[in-house]
Amino acid sequence: MIQALVFYVFAAITVASGVMVISARNPVHAVLFLILAFFNAAGLFLLAGAEFLAMVLVVVYVGAVAVLFLFVVMMLDINFIKLREGFLQYLPIGGLVGLILLAELALVFGSWSFAPHAALSVATHVPDLHVVTNTDALGRLLFTHYFYLFQVAGLVLLVAMIGTILLTLRSRPGVKKQNIARQNARTKETSVELRKVPTRGGI
Amino acid sequence: MELPNFSLALPEIFIALSAMALLVLGAFRKQEATQGIAILAIITMVVAALLVPAAGGNRAETFGGMFVVDGFAVFSKLLVLVASSLCLVMSINWLVKEKLERFEYPVLVLLATLGMLMMISANNLISLYLGLELQSLALYVLAAYQRDSGRATEAGLKYFVLGSLASGMLLYGSSLIYGFAGTTGFDDLAKVLAHGGIPVGVIVGLVFVMAGLAFKISAVPFHMWTPDVYEGAPTPITAFFAVAPKIAAFSLLVRVMVGPFGELTAQWQQVVIFVSVASMLAGSFGAIAQNNIKRLMAYSSIGHVGYGLIGLAVGDQVGIRGLLIYLAIYLFMNVGTFAIILAMRQKGRLMEGIDDLAGMSKTHPMMAAAMAIFMFSMAGVPPMAGFWGKFYVFMAAVDKGFIALAIIGVLTSVVSAYYYLRIIKVMYFDEPKEALDRGVSGSLSFIMGVNALLILVFTFVPSPLVSSAGAAAASLFGG
């Protein structure tokens, strides 16, 4: 009973904030509604027993992607009113494309069938999900059966990082930077110079 | 859960750890350590090359069947390591002369090589993709290494966008194969497909995977990026592009086609034949109008890919042996030619025009002789190794009854002989406008000399290469 209630609350808020994302006039508000939608979707995942997906949704999508969107929206001066022009004009075509996609999805789900050997080869590695939580199960798979792939993926990310730094980092001489050690190492002798100023002479 | 057998992947683990150690070393010692790091990277590759045969000549799998070692892998890995280390040797001099010393360069070459070794040993669609991506990502960055040059950044961006598209196609194909066959492991795929009743989805997926891999070896119709990227990328990187990734992607293609999809030979054979013929034609006719030697080498490499694919199209042990011999000879011809291109300087500037070679026979007689050897070899003139490379591939095709394929190969070789011989004519008979700089660096002359010698000697001592390639091909079919 409570579960159903919670589900409807999360679902309703998700759908409502989804609508607000595309209809909000202020792009910053749109991104904030997107974050709300992510949070409620995470709640839905929790209800479904997929707590790992819920965590990833919050950590990755809210923590990184949505905040990045927010930064982009706030830093770049994009004229969203201009982008929105002709919305009604494209509505029929867009609606048609949406309907076609919906029909295709319905067709696919209607005739879904697994390859005969698929279940066999998948089931061999997955721990019993009645005994362990799915985060635990994923971790066990990732660090045992997929250990090699996990390490290679790490190397791929390392290359991405090296590449980004190599292609964008420039050492610019002549830029004034704060060097705390040098500041602290300054003494009176190195920074203050006492001069005898003759009357009416100047330096 | 017992531990996987790490010793099979010893060369890969060694390279990965060294690359990370060199990265840390570079971060502390800054750019002046570049030369030292490059030398250490070369030593790493040499040590890895010594570890490769020790890691396993017999077929063995590890990491839950994701990683396989066999005679074929050992042969291909040795070729890749030789190619990468020779390219790095050529790069050191270039980095110093162009004042582009950055320690990330040797590290990225090392990581790209690591990706290639992983590709060669891939025994699962996921490990195939990750190895390929590790390799490609490092290569995209290397293509744009000269970031202040417009052409290099254009080359890098073009390669990145088109390469990502190819990776996407490969992934799409893999997902179809997984969806219809229910597994990503090559061994399981072979078992599932051996039952017969192969769904159409698997064949569609296979074609997509082939398209992705054809892009990586720059076979027609996925070759459009090659001339632009080869021209724009820095020359030592172009030399690297032209050999190492192609050998790795070729090995991967062979392993995928012969291993899990061996049952579908009739289906993929026609695709490979088309790609092979189209590559031979595009390579030989496209190069005729080129005046930039790097573009010419790009078209030449497309043509060579076509000849190599004949070996795969034949699809039996003899064909794969021919392909491996071809790849090995291709490696030495190409590295040697690029060493000469890197030595073409006028007043310190690198030259890339074919006209700039004029009069080289008078100013640099030895270099001109080496270039003549490489060009004759690429054209397939008999005493040189290049002739034997083509010979083994064409003979395999004729034995299996692919006579039309062999005839097209011979005809396109004749067409391509035109532009290889044109280079020799320019070097020996044209009057120079401006002479090339004297004083070629020791490492470049060494590479030219050794490669020219290897190409001449092969005719008299062919057995080491031919027998090891034969053993490698046999290991692929033995299991």
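Residues numbered from 1 in each chain as written. Chains lettered and ligands numbered in written order. Predicted model: local features only at pLDDT ≥ 70, side-chain atom pairs only at ≥ 80, totals over all residues. Heavy atoms only, no water.

(A) Seen up close, the domain arrangement of chain A. Residues and elements named next belong to chain A. Domain assignment breaks chain A into domain 1 (1-83) and domain 2 (112-168). Taken residue by residue, the interface counts five residues in domain 1 and four residues in domain 2. In total, domain 1 and domain 2 occlude about 320 Å² of area from one another, counting both sides; carbon and sulfur atoms represent 50% of this. The interface formed by domain 1 and domain 2 includes zero salt bridges. Linking domain 1 to domain 2 there are four residue pairs in polar contact (both at pLDDT 80 or more). Among the residues forming the side of domain 1 that touches domain 2, the class breakdown is three nonpolar, one polar and one charged. (Domains from an automatic or database assignment. Contact = heavy atoms within 4.5 Å. Buried area = accessible area lost by both parts, 1.4 Å probe. Salt bridge = Lys/Arg side-chain N within 4 Å of Asp/Glu carboxyl O. Polar contact = N/O pair within 3.5 Å; in protein donor to acceptor, adjacent residues only side chain to side chain. Nonpolar A, V, L, I, M, F, W, Y, C, P; charged D, E, K, R; others polar.)

(B) Broad picture of the packing of aromatic side chains. Residue and element names in this part refer to chain B. Inspection of the entire model under this criterion finds 24 aromatic pairs over all chains. Summarising the aromatic geometry, the rings of tyrosine 159 and tryptophan 225 are spaced 4.8 Å apart at their centres and angled 20 degrees between planes, so their arrangement reads as stacked. Placement of the pair is tyrosine 159 in helix 6 (residues 150-181) and tryptophan 225 in helix 9 (residues 225-232), with a sequence separation of 66 residues. Judged by relative accessible area, tyrosine 159 falls into the buried class, the value being 5%. Exposure remark for tryptophan 225: the relative accessible area of 3% places this residue in the buried category. Summarising the aromatic geometry, the rings of phenylalanine 387 and tryptophan 388 are spaced 5.1 Å apart at their centres and angled 75 degrees between planes, so their arrangement reads as edge-to-face. Look at phenylalanine 387 and you get partly exposed, because its relative accessible area is 25%. Residue classification places tryptophan 388 among the partly exposed residues on the basis of a relative accessible area of 24%. Through a chain of ring-to-ring contacts, the aromatic side chains of Tyr140, Tyr159, Phe160, Phe215, Trp225, Tyr230 and Phe241 assemble into a single cluster. The side chain of lysine 390 reaches across the aromatic face of tyrosine 307, ending 4.7 Å from its centre. (Phe/Tyr/Trp six-rings, centres within 6.5 Å; stacked < 30°, edge-to-face > 60°. Helix = DSSP H or I, 4+ residues; strand = E, 2+ residues; numbered from the N terminus. Buried < 20%, exposed > 50% of the residue type's maximum accessible area, 1.4 Å probe, protein only. Lys NZ or Arg CZ within 6 Å of the ring centre and 35° of its normal.)

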